[in-house]
Amino acid sequence: MDPVVIPILVAALVVVFLVAATVRIVPQARRYNVERFGRYRRTLQPGLNFVLPVADRVNTKLDVREQVYSSEPKPVITEDNLVVNIDTVLYYQITDPRAAAYEVADYLQAIDQLTVTTLRNVIGSMDLEGTLTSREEINARLRAVLDDATGKWGIRVNRVEIKAIDPPNTIKEAMEKQMRAERDKRAAILHAEGERQAKILTAEGTKQKDILEAQGTQQAMILRADGEAKAVELVFQSVHRNNADAKVLAYKYLETLPDLAKSDNNTFWVIPGELTEAVRAVTSAFGDRSAMGLPAAAAAQREEESTADVPEKAGTPELEADPTLALGAAAAADEAAKQAAAAVSDAKAEAEAVGEAQLPGRGQTSGD
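Residues numbered from 1 in each chain as written. Predicted model: local features only at pLDDT ≥ 70, side-chain atom pairs only at ≥ 80, totals over all residues. Heavy atoms only, no water.

1. Remarks on the overall build of the protein
Going by this rule: Only DSSP runs of H or I with at least four residues qualify as helices, and only runs of E with at least two residues qualify as strands; both kinds are numbered from the N terminus onward. With a 1.4 Å probe rolled over the protein chains alone, any residue whose accessible area is under 20% of its type maximum counts as buried; one over 50% counts as exposed, and the rest are partly exposed. Working rule for contacts: check all heavy atoms of both residues, and any pair within 4.5 Å makes them a contact. Here the Shrake-Rupley method, with its probe set to 1.4 Å, supplies the accessible areas, and only the displayed protein chains count as covering residues.
Counting its regular elements, the protein contains ten helices and eleven strands. Here the protein holds 368 residues, and the buried ones make up 25% of them. Within the protein, contacts between residues separated by at least 24 positions form 64% of all contacts whose residues are at least 6 apart in sequence. Accessible surface for the protein amounts to roughly 24500 Å². Of this, 57% is attributable to carbon and sulfur atoms.

2. Quick look at the packing of aromatic side chains
Applied cut-off: Ring pairs shown here join Phe, Tyr and Trp side chains whose ring centres sit within 6.5 Å, with only the six-membered ring taken for Trp; geometry is labelled stacked below 30 degrees between planes, edge-to-face above 60, and tilted in between.
Considering all chains together, one arrives at two aromatic pairs under this definition. Ring geometry for tyrosine 40 and tyrosine 102: centres 5.6 Å apart, planes at 65°, overall edge-to-face. A residue pair is termed long-range when its members are at least 10 positions apart, and tyrosine 40 in strand E3 (residues 39-44) and tyrosine 102 in helix H2 (residues 97-102) qualify at 62 residues. The exposure class assigned to tyrosine 102 is partly exposed, which follows from its relative accessible area of 32%. Between tyrosine 92 and tyrosine 107, the aromatic rings sit 6.0 Å apart at their centres with planes inclined by 65°, giving edge-to-face as the arrangement. A residue pair is termed long-range when its members are at least 10 positions apart, and tyrosine 92 in strand E8 (residues 83-94) and tyrosine 107 in helix H3 (residues 107-123) qualify at 15 residues. Classification of tyrosine 92 as buried rests on a relative accessible area of 2%.

3. Focus on the side chain of threonine 131
Put simply, the rule reads: Polar contacts, as counted here, are pairs of nitrogen or oxygen atoms within 3.5 Å of one another; within protein the pair requires one atom able to donate a hydrogen and one able to accept it, and residues that are adjacent in sequence qualify only if both atoms are side-chain atoms.
In this fold, threonine 131 is placed in helix H4 (residues 128-133). On the basis of relative accessible area, threonine 131 is assigned to the buried category, the value being 0%. Of the polar contacts made by the side chain of threonine 131, one reaches the backbone oxygen of aspartate 127; its length is 2.7 Å. Other than its neighbours up to four places away in sequence, threonine 131 contacts Thr78, Ile123, Met126, Ile138 and Ile165.

4. Digging into a negative patch on the surface
To be explicit about the condition: To count toward a patch, a residue needs a relative accessible area over 30% and no salt bridge; like charges are then connected within 9 Å, while nonpolar side chains (Val, Leu, Ile, Met, Phe, Trp, Tyr) are connected within 5 Å. Definition used for salt bridges: Asp or Glu carboxyl oxygen within 4 Å of a side-chain nitrogen of Lys or Arg. Under this rule, positive means Lys or Arg and negative means Asp or Glu; His and the chain ends count for nothing. Throughout, a charge is located at the NZ atom of Lys, the CZ atom of Arg, the CG atom of Asp or the CD atom of Glu.
Negative charge collects at one region of the surface, where Glu79, Asp80, Asp127 and Glu129 lie side by side. Relative to the helices and strands, aspartate 80 is located in the loop between strand E7 (74-77) and E8.

5. Notes on the pairing of E8
This is how it is decided: Two strands pair if DSSP finds at least two bridges between them.
Taken together, the four bridges between strand E6 (residues 67-70) and E8 define a ladder with antiparallel strand orientation. In the strand pairing of E8, glutamine 67 is matched with tyrosine 92. Judged from the four bridges that link them, E7 and E8 form a sheet pairing that is antiparallel. Bridging from a neighbouring strand, lysine 74 pairs with isoleucine 86 of E8. Hairpin connection from E7 to E8: five residues lie between these consecutive antiparallel strands, with asparagine 81 at a positive phi of about 60°. Two elements, E8 and strand E9 (residues 155-166), share ten bridges in a ladder whose sense is antiparallel. The partner of tyrosine 92 across the bridge, within E9, is valine 157.

6. Examining a positive patch on the surface
Together, Lys177, Arg180, Arg183 and Arg186 give the surface a local cluster of positive charge. The residue arginine 180 is located in helix H6 (residues 169-242) in this model.

7. Observations regarding the pattern of salt bridges
Tallied over the full model, the rule gives eight salt bridges. With a closest N to O distance of 2.5 Å, glutamate 161 and arginine 159 form a salt bridge. Overall, glutamate 161 belongs to the partly exposed group, its relative accessible area being 24%. Take arginine 159: its relative accessible area is 48%, and that puts it in the partly exposed class. One salt bridge in this structure joins arginine 196 and glutamate 193, with 3.2 Å as the shortest N-O distance. Of this pair, arginine 196 and glutamate 193 both sit in helix H6, separated by three residues, roughly a single helical turn. Residue arginine 196 is classed as partly exposed on the basis of its relative accessible area of 43%. Assessed through its relative accessible area of 36%, glutamate 193 is described here as partly exposed. Overlapping salt bridges, with partners in common, bring together Arg30, Asp63 and Arg65 in one network.

8. As for the packing of H3 against helix H5 (residues 135-150)
Let me state the cut-off plainly: Angular values range over 0 to 180 degrees, each being the angle between N-to-C directions of two axes fitted as lines to C-alpha atoms, with helices fitted over their stretch in contact. Note on terminology: angles under 35 degrees are roughly parallel, angles over 145 are roughly antiparallel, angles of 65 to 115 are roughly perpendicular, and the others are oblique. The hand of a helix crossing depends on one turn: near helix anticlockwise from the far one by less than a right angle means left-handed, and clockwise means right-handed. Each residue is assigned to one of three groups, with Ala, Val, Leu, Ile, Met, Phe, Trp, Tyr, Cys and Pro labelled nonpolar, Asp, Glu, Lys and Arg labelled charged, and all others, Gly among them, labelled polar.
For the pair H3 and H5, interaxial distance at closest approach is 10 Å and the crossing angle is 140°. In this view, H3 runs oblique relative to H5, as classed from their interaxial angle. The two elements H3 and H5 cross, and the hand of that crossing is right-handed. Together, Ile111, Leu114, Thr115, Thr118, Leu119, Val122 and Ile123 of H3 and Ile138, Arg141, Leu142, Val145, Leu146, Ala149 and Thr150 of H5 make up the contact between the two elements. Here the residues of the contact of H3 with H5 sort into ten nonpolar, three polar and one charged.

9. Section: unusual backbone geometry
For phenylalanine 37, which is not glycine, the phi torsion reads 55° and is therefore positive. Looking at the element boundaries, phenylalanine 37 is found in the loop between strand E2 (30-36) and E3. Residues other than glycine seldom take positive phi values, yet valine 54 does so here, at roughly 70°. Structurally, the position occupied by valine 54 is in the loop between strand E4 (47-50) and strand E5 (56-63).

Dropping the structure here:
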């Protein structure tokens with residue numbers, strides 16, 4: 001080999017080495033701390049950078065992206081002397097590579113120990129229930145303490161989250177029983193409220209039903225009374241218009257006597273004193289009806305003779321002209337009296353039977 005070529009190759013190798021040692025390419029989201037003769041010189045930014053070979057040396061390479069650090073569960077004692085295991089999740093970001101490299105030896109361990117001590121101080125002032133229900137407050141207090149302490153380390157704590165809180169098994173069983181009792185209590189309350197509402201609605205419905213039935217009964221009674229009043233008025237007008245005499249009215253009076261005992265509420269029945277007058281009027285009516293079958297002359301003669309012979313008994317006609325017709329009229333009058341007496345007896349018997357059936361021992365029958 002030519003002796004000239006060897007020095008050229010050595011010089012080329014030295015140049016390549018010097019270029020490689022001088023040029024530094026930093027990736028995106030990375031920061032390189034450079035030391036010159038063991039002293040911090042500067043921080044290389046992403047891209048192409050040049051350093052002095054042999055004199056400058058890259059000490060630390062840091063990632064400035066937001067990172068996540070999950071700690072192991074740590075035992076913490078609450079205010080009511082219960083031990084719970086709490087593990088946290090930390091979101092942090094390096095903002096000053098020089099401080100992160102030279103202000104603290106291991107920033108992850110420092111952050112972890114600071115989180116544990118701060119968490120014990122915060123949880124120590126709360127009971128178990130407050131610890132379980134105040135995660136947002138705990139997170140905010142942890143973030144404030146960590147952000148203040150890690151600021152001089154060139155690290156910014158963005159978020160601190162409590163991942164899990166594990167109380168002892170006995171506490172878990174007690175909490176489950178308590179929650180079950182609370183659910184049973186709410187279920188019983190809701191069931192009672194439902195029954196109360198149902199009873200209220202049922203009572204309202206019954207009330208409305210009774211009111212409507214009473215109103216319907218009232219209207220029916222009013223209409224029935226109006227109808228009866230109009231019927232009575234029509235009958236009264238018809239009687240006056242046809243000029244009915246006392247004999248017809250007495251006969252209708254006897255027809256209505258059996259109806260007085262048909263009511264279920266009658267316990268006793270009073271026979272009016274006018275019954276004998278009604279029977280006498282009917283008897284006279286049947287006697288006059290028998291007399292209506294005689295010839296006009298005989299009837300006139302009979303009326304004159306009865307008036308002349310017995311002036312004090314003007315209301316009781318006697319038949320002397322024809323004994324056969326007189327006997328027929330008397331028999332008809334007796335038959336009418338018997339029928340009226342039989343109707344009265346039947347009415348009394350029916351009234352007594354109804355009274356004894358409804359109120360035993362208290363039936364009462366009286367008659368005039």
